Every structure is written in structure tokens, then in C-alpha cells.
Amino acid sequence: MSVERVLILVALVLGLAVGYLIARSRRHGRRSDRPEEIHRILLPFTGTAISRRAVDAALRLARAEGAVLMPAYLAEVPKQLPLECAIPAEAAKAMPMLEAIEQRAAAQDVAVDSRIERGRSYRHALKRLLEDEEFERVIVPAGGDQGGGLSGDDLVWLLEKAPAEVMILRPGPEDTRFVTANGNGGRGSR
Amino acid sequence: MYAAQAAADSEAARASRRGHHKVFIGMAAGVGKTYRMLQEGHAEEDAGRDVAIGYMEPHKRPETTALAEGLETIPRRRVTYRDTELEEMDLPGVLARAPELALIDELAHTNVAGLEHEKRYEDVRDVLAAGIDVFSTVNVQHLESLNDQVAELTGTRVRETIPDAVLGEADEVVLIDLTPEALIARLRAGKIYPGENIEAALNNFFTVENLLALREVALRQVAQEVEAKRLVVEEPLGTREERVEAPRAVGERVLALVRPQPSSQRLVRRAWRSAQRLGSDLDLLWVRPPGREPDGEEARHVSALRQLASVLGANFLVEENDDLVKGAAAVARERGTTYIMIGESLPRRGFARLREPLPQRLMEATPPGVDVRIVAHRGLKEPDRDER
């Protein structure tokens, strides 16, 4: 074998080794770019409409912090049913709402990780959510059932129990815009 | 003498075979199950058969009571329970009378304690075992598997249930269908409940929404029964391998290939909606490399998917396989899947470009007739989205 051939062979082996190392370091680099902890913002809601202002506020915050938005539909399970039973009728209400919120999130480049949480009451569902999930912030629309919100009592309970920062958004009297199952959430349309 | 011998032979032959069971099922009380059962009973008698009413509950409906006239009724037995005298079907009496066909109402009824069986469907099994044909009635909300669903839809839970197998074992299932509007009109006309109960019924159970939901459940249930019977009849011949390769289900069954990532939730939602439209079951499948337990974020997403499956009444399956396509194809074959739904993949890079795309590989690996559908990604940000 001539010296040139040996050199070409060595160069080839070296080239392959270097290429492999570069590819590996890139892969590692991509992994290390990932945040160690993903920040989450919980957005619990009830019913088939949620205040658009609350959704937009949650999205703005999530975007600014690079956090994942966790919209969570709270479903009441009637007492005569097992708590962990399938709830297709509630799921049918939750699905288009989560879809509509995801659509808005996609437009703002915000990551979303949705949930449907069951409970005997909205507060019970919220309690289970607080126990099962980790998040740094909770954004919740006030105003009772209107606009996907929670009652005053539930909000007080949340302020006491949530192991996170809680932001309660009370829509102004003129704020009648909602995100609904239709996705567009027209003014006053629920 | 010969006639007596022939009759005895006929009795013996009948006792050696199981009776034929025909169930009249309806969405709610008042659709006309008992009425139809009696009509068919008369028709059988007119055709020369020996028919007797084993038990009938007329619910103070004059039309039903009138229709029962002319058919022999086996006397009920009186049972005292907690100082109250109650009437029940006389099972020994029915067996002793041994008609060719017995009409037995309310399959889901719970007997008074101390009788031969706890439930009437168990009595019916004895009657069938004695070679007597049975016509019986039941409402769809009494089926065990539908009890929760119906309770959620209507807010009313019935305590008396029957195992779904009872319906599965029946030779014929006849749906007695009525539009909600027609049923409500019958209720208003006092044909279902006496006058003093009508308003309460209209305000509680007998709403158009409830009845529409129940009607849909009843129609689906009977369609499933028909399908199940077709499958039994049309079991393909051939070797085991050939049978495994053959499509098992006439109806649809949806399989969604999920990964422990938030984007899978959208795929699940789409798959669930498709399954709802098709009236089919939904399986969620995660194919994971053998021996690798999920941890951290992955475990959290797996748990979220399990929860979602439970909320939707879907089955969450985990298959250990290094090859996604092989794992998915094995499960599709085993479950009789007709639709596979997958999420959109990222553009392929490097050597992955040389491989056939995932949908193509799935189509090749699964039995013929399985459709593969790709659910578009919403464009959501997702930090750890990998390529398949």
C-alpha cells in the first residue's frame, strides 16, 4: 500500500471521527439548551366560555417567561358516579374550549399542556389539580360561572391553599369578550 | 298412546335444548316494549304455539292490560318481606307449567330476598335452560356498562342493572324505538304514568335532551349487538395466522399513537372526536423501548395521558417495542383496529430521509383495510419534540 493511500485512509478515519464528535456535541448542546425546569402557568376555568382578557394575560405572561401554559377545565362529577369515571358529556364541552385556547397560544408561540380535572365540585377539582401538578403561577378569572370563573369563596380558598403565586383577573364591566368553543370569542358571545 | 308418547318425546327434546331468548330493548319506560312483547306473544299463539305470561308489569297502562287479555297468565307468587306482601314471578310455577314460550317482563328486576335468585335475568336463565323460549324486556340504562354513561347524561342512576352478557347471550335483540317528541306526547296523554306523576316526569327524566341522549345510546347498543353477532357468524376460516391477518371488526375501532408530550393531547382530542362520530372504541397506544421506565417530565406526560384517557373512557395501552411500526401493527392486529391516527412528524434529517415515511410503513405493516390518518400539528411550541 502506498504512502498516499495510507494518508487518505487516515484522513478518512479522522474525518469520520471528527464528524461523529461534532454531531454528538451538537446533540448534547441541544439537550443542554433545554431548561432544567419548565415553568408552568395554570389557568383553571369552568364552563364553555372563558374571559378573553384572562386568556390573553396568561399567554402574555407565559410568553414573557418562556413558560408552559396549562389550561385546566374543571369538571364536576355527579355524586352518584365514581369520581374516576369517564365523563364524555363534560369532555365534549372541554375539548373545544381547550382547542380554542391552544389555537390562541399557537398564534403567540406559547407552549400548552392542557388538562381536564374531575372533582365533586369545582373546588374539589382544583384541589386535586394543586395536588397533582406543579406550577409557579395560577391565573384565574373571577366572576363566578360567567366567563369561566370561580366563585368568591373558591377564590379565597385558592389564595389560601395554592402553593404558587395567584393572579385573579376581574374583568371590567365593559369586558364582555370571551374565548368560546367556537374559538373566535366574539364580543358578548358565549 | 302414540300421541302421548310423541308428546313426551317432544317434551324431552325441548328440555334438552336451550330456549330461544328474544329481548325487547328501549331507551326509556313507555316506548312500548311490553306492548310489543304481548303483540308478538299473540302472534305466536295464533301460529299454534303454547304461550303463557310468566310475569307482566302493566304499570297501570290500560292498553297494555287489555292486550294481555286472551293470553294465559301464570299466577304470581306472594312473598312477605318485612311485613309487606309483594308479588313476584313464580319461577317454579313457570317451570312446572312449561309453556313453549314464556313472556317475562323487566329483565333487570331485583327479586325479593329469599327467592331462588337475586335477579330476574337469573330466573330467565333457568327458564331458558329448561328449553322454554322467552320474550323479555329491558331498558338500555339497566345495562351495567352503560349505567355510568346514562347516569352522567341524564343525572338519574338506576340501581337495578344486568350484566351486558345477558344481552350478548340473547338470540335476538329488538330495539323498540320512538322519537323523544312522540314519547313525551304519550307521557302527556297519560299513557305512561298516571296523571299526578306526569309533571314530575316531564321536569326530571323525560326531557327532550335526556331522551335524545338515551335514544342514541340505545341505537348504538343494538348496533353493537348486531355487529358482535355478525362477527361470530362470519368468523373467517383458515389457519390461525390467516385469521389473525383477516380484519376482525366490521365496525370501526380507532387507535391513536401517542407519545408522552403535550402535543399528543391534541391528537387524542381529534381521535376521540372521530371515535365519537364513528361510535367506536378508542385506544391510545404508546410504544416505548423495552425496559425504559419514564421519569421526570416524561412520567408527568404519561400520567396526564392516562388521566385524559380515563376522562374520555378510552383505553391507554403501553407496548414495549424498539420498533414503533412493529409495535403499533401488533396492537392494531390484536385490537381489530380500523383507523390509526398519528401526529405530524418534523421534517426528517440525515439518514432518516432514506427511510420510508411513518404512515407508509404503518400501512404496509398493518392488516389491509386499516386507514392511517395524520393529525396536523397546530404549530405549538414544544421544546422536546422529536422526529419519528
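Just so it is clear, the model here is predicted, and its values are computed rather than measured. (Residues numbered from 1 in each chain as written. Chains lettered and ligands numbered in written order. Predicted model: local features only at pLDDT ≥ 70, side-chain atom pairs only at ≥ 80, totals over all residues.)

Colleague: Provide a residue-level description of the overall build of chain B, including the pertinent values.
Modeller: The helix and strand inventory of chain B stands at 15 helices and 13 strands. Residues classed as buried in chain B amount to 33% of the 388 residues present. If you take every contact in chain B between residues at least 6 apart in sequence, the share linking residues at least 24 apart comes to 72%. (Helix = DSSP H or I, 4+ residues; strand = E, 2+ residues; numbered from the N terminus. Buried ≥ 20, exposed ≤ 12 C-beta atoms within 10 Å, placed from the backbone. Contact = placed C-beta atoms within 7 Å.)

Colleague: Give me the lowdown on the overall build of chain A, citing residues and values where you can.
Modeller: When you go through chain A residue by residue, the secondary structure sums to 5 helices and 7 strands. Mapped from its N terminus to its C terminus, chain A presents α and β elements in the order α-β-β-α-β-α-β-α-β-α-β-β. Within chain A, residue pairs in contact and separated by at least 24 positions form 77% of the contacts whose partners lie at least 6 positions apart.

Colleague: Break down the sheet that holds strand S6 (residues 165–169) of chain A for me, with residues and values.
Modeller: Note: strands within a sheet are paired through backbone hydrogen bonds, in either parallel or antiparallel orientation. Residues and elements named next belong to chain A. The parallel open sheet is built from 5 strands, whose spatial order is S4-S3-S1-S5-S6. In this open sheet, the two strands that pair with only one neighbour each are strand S4 (115–119) and S6. Each adjacent strand pair in this sheet contributes to an overall mean axis angle of 25 degrees, direction not counted. (Pairing = 2+ DSSP bridges. Axes fitted to C-alpha atoms, helices over the stretch in contact; angles between N-to-C directions.)

Colleague: Describe the confidence of the model for chain A, and please don't skip the residues or the numbers.
Modeller: All names here are of chain A. Residues with a pLDDT of 70 or more make up 79% of chain A, whose mean pLDDT is 81. Mean pLDDT values over the elements of chain A span from 71, in strand S7 (residues 178–180), up to 94, in S4. Note that residues 29–36 has pLDDT below 50 and, in this model, 2 contacts with residues that lie over four places away or in other chains. A low-confidence stretch, residues 184–190 (pLDDT under 50), is modelled with 13 contacts involving residues beyond four sequence positions or located in other chains. (pLDDT = per-residue confidence, 0-100.)

Colleague: Outline the interface of chain B and chain A, supporting the account with residue identities and numerical values.
Modeller: Tallying the contact residues gives 26 residues for chain B and 27 residues for chain A. At the level of elements, helix H6 (144–154), helix H12 (263–278) and helix H13 (296–312) of chain B are the ones that each hand at least two residues to the side of chain B that touches chain A. No other element matches H13(B), which puts 6 residues into the side of chain B that touches chain A. Looking at the side of chain B that touches chain A residue by residue, the class counts come to 9 nonpolar, 6 polar and 11 charged. (Nonpolar A, V, L, I, M, F, W, Y, C, P; charged D, E, K, R; others polar.)

Colleague: Got a sec to walk through the sheet that holds strand S7 (residues 133–139) of chain B? Specific residues and values, please.
Modeller: All names here are of chain B. In space, the 6 strands of this open sheet follow the order S3-S2-S6-S7-S1-S8, with parallel pairing throughout. Bordering the open sheet on either side are strand S3 (72–73) and strand S8 (172–176), each of which pairs with just one other strand. For strand S6 (residues 101–104) and S7, the ladder comprises 4 bridges, and the chain directions are parallel. Residue Leu-103 lies in a different strand from S7, and its bridge partner there is Phe-135. Against the sheet, helix H2 (residues 33–46) engages strand S1 (21–26), strand S2 (51–55), S6, S7 and S8, with an angle of about 165 degrees to S7. In this fold helix H5 (residues 120–129) packs onto S1, S2, S6 and S7, with an angle of close to 160 degrees to the strand it touches most, S7.

Colleague: Explain H13(B) to me, using residue names and the numbers behind them.
Modeller: One full turn of an α-helix is made of 3.6 residues, so residues set three or four places apart face in the same direction. Compared with the 24 Å implied by 1.5 Å per residue over 17 residues, the 25 Å span of H13(B) between its first and last C-alpha is a close match. Listed in full, the buried residues belonging to H13(B) are B:His301, B:Val302, B:Ala304, B:Leu305, B:Leu308, B:Ala309, B:Val311 and B:Leu312. Summarising the contacts, the buried residues of H13(B) are in contact with helix H3 (88–107) and S4 of chain A together with H12, strand S10 (281–288) and strand S11 (315–320) of chain B. (Expected span 1.5 Å × (residues − 1).)

Colleague: Describe unusual backbone geometry, with residues and values.
Modeller: When glycine is set aside, most residues are seen to have a negative phi, and most peptide bonds are trans. Residue and element names in this part refer to chain B. Phi at Arg-82 is positive, roughly 50 degrees, even though this residue is not glycine. Mapped onto the secondary structure, Arg-82 falls in the loop between strand S4 (77–81) and strand S5 (84–88). According to the C-beta neighbour criterion, Arg-82 is exposed, with 7 such atoms within 10 Å. With a phi close to 45 degrees, Ala-98 is a non-glycine residue in the positive phi region. The exposure class of Ala-98 is partly exposed, given the 16 C-beta atoms found within 10 Å.

Colleague: Describe the pairing of strand S3 (residues 68–76) of chain A, naming the residues involved and giving the relevant values.
Modeller: Residue and element names in this part refer to chain A. Summarising burial for S3: 7 of the 9 residues are buried, a large majority. Relative to S3, strand S1 (residues 40–45) runs parallel, the two being bridged by 6 bridges. Within S3, the residue paired with Arg-40 across the bridge is Val-68. In the sheet, S3 pairs with S4 via 5 bridges, with the strands oriented parallel. Its bridge partner being in S4, Leu-74 is matched across the sheet by Glu-117.

Colleague: How would you sum up the nonpolar core? Please name residues and give values.
Modeller: By size, the foremost hydrophobic cluster in this structure holds 82 residues, and its most contacted members are A:Ile41, A:Leu69, B:Ala256, B:Ala328 and B:Ile340. Contact partners of B:Ala328, with chain neighbours within four places excluded, come to B:Leu257, B:Leu285, B:Val287, B:Ile340 and B:Leu362. (Core = buried A, V, L, I, M, F, W, Y, C linked by C-beta atoms within 7 Å.)

Colleague: Could you give an account of the pairing of S7(B), with specific residues and numbers?
Modeller: Residue and element names in this part refer to chain B. With respect to burial, S7 is a largely interior element, 7 of its 7 residues being buried. Of the two faces of S7, the one holding Asp-133, Phe-135, Thr-137 and Asn-139 and the one holding Val-134, Ser-136 and Val-138 are both buried throughout. As defined by bridge partners, S1 adjoins S7 across 6 bridges and the pair is classed as parallel. The partner of Phe-24 across the bridge, within S7, is Thr-137. Handedness of the β-α-β unit built from S6, H5 and S7 comes out right-handed. (Right-handed = clockwise from strand over helix to strand, strands pointing away.)

Colleague: So what's going on with the packing of helix H4 (residues 122–132) of chain A against helix H5 (residues 152–161) of chain A? Which residues, and what values?
Modeller: All names here are of chain A. Contact pair H4 / H5: the axes reach a minimum separation of 10 Å and the direction vectors enclose 20 degrees. The pairing of H4 with H5 is recorded here as roughly parallel in orientation. Helix-helix and strand crossings are classified by hand; for H4 and H5 the assignment is right-handed. Here H4 contributes Tyr-122, Arg-123, Leu-126 and Leu-130 to the contact with H5, which in turn contributes Asp-154, Trp-157, Leu-158 and Lys-161. (Parallel < 35°, antiparallel > 145°, perpendicular 65-115°, else oblique. Left-handed = near helix turned anticlockwise from the far one by under 90°.)

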